[in-house]
Amino acid sequence: MDEKEFRVLIKHYFIKGKTPQETKEKLDKHYGDSAPSIRTV
């Protein structure tokens, strides 16, 4: 997945009130190894 597409997902989770850790867990669940690191989130 493109870096810009991850940014949209991260922004979506942020607007919904999710913490960075919760966002990282969701991205890991759906995208596995291609998900961005916790630092990026």
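Cut-offs and rules
Residues numbered from 1 in each chain as written. Predicted model: local features only at pLDDT ≥ 70, side-chain atom pairs only at ≥ 80, totals over all residues. Heavy atoms only, no water. Helix = DSSP H or I, 4+ residues; strand = E, 2+ residues; numbered from the N terminus. Buried < 20%, exposed > 50% of the residue type's maximum accessible area, 1.4 Å probe, protein only. Contact = heavy atoms within 4.5 Å. Areas by Shrake-Rupley, 256 points an atom, 1.4 Å probe, with all protein chains shown as cover. Core = buried A, V, L, I, M, F, W, Y, C linked by side-chain atoms within 4.5 Å. Phe/Tyr/Trp six-rings, centres within 6.5 Å; stacked < 30°, edge-to-face > 60°.

Enquirer: Quick question: what am I supposed to make of the overall build of the protein chain here?
Expert: Looking only at helices and strands, one finds two helices and zero strands in the protein chain. Counting only residues that meet the buried cut, the protein chain has 20% of its 41 residues in that class. The contacts in the protein chain between residues at least 6 apart in sequence include a share of 27% that link residues at least 24 apart. Here the protein chain displays about 3,400 Å² of accessible surface, and carbon together with sulfur accounts for 51% of that area.

Enquirer: How should I be thinking about the nonpolar core in this particular structure?
Expert: In summary, soluble globular proteins display a tendency toward joint burial of nonpolar side chains. Residues F6, I10, Y13, L27 and A35 constitute the largest nonpolar core, which totals five residues. For this core, the element with the highest residue contribution is helix α1 (residues 3-15), accounting for three residues. Leave out the neighbours within four places in its chain, and F6 touches M1, L27, Y31, S34, A35 and P36.

Enquirer: What am I meant to see in the packing of aromatic side chains here?
Expert: Within the structure shown, the criterion is met by one aromatic pair. Where F6 meets Y31, the ring centres are 5.5 Å apart and the plane angle is 85°; that geometry is what we call edge-to-face. Of this pair, F6 sits in helix α1 while Y31 sits in helix α2 (residues 20-31); the two residues are 25 residues apart in sequence, bridging distant segments of the chain. Judged by relative accessible area, F6 falls into the buried class, the value being 6%.

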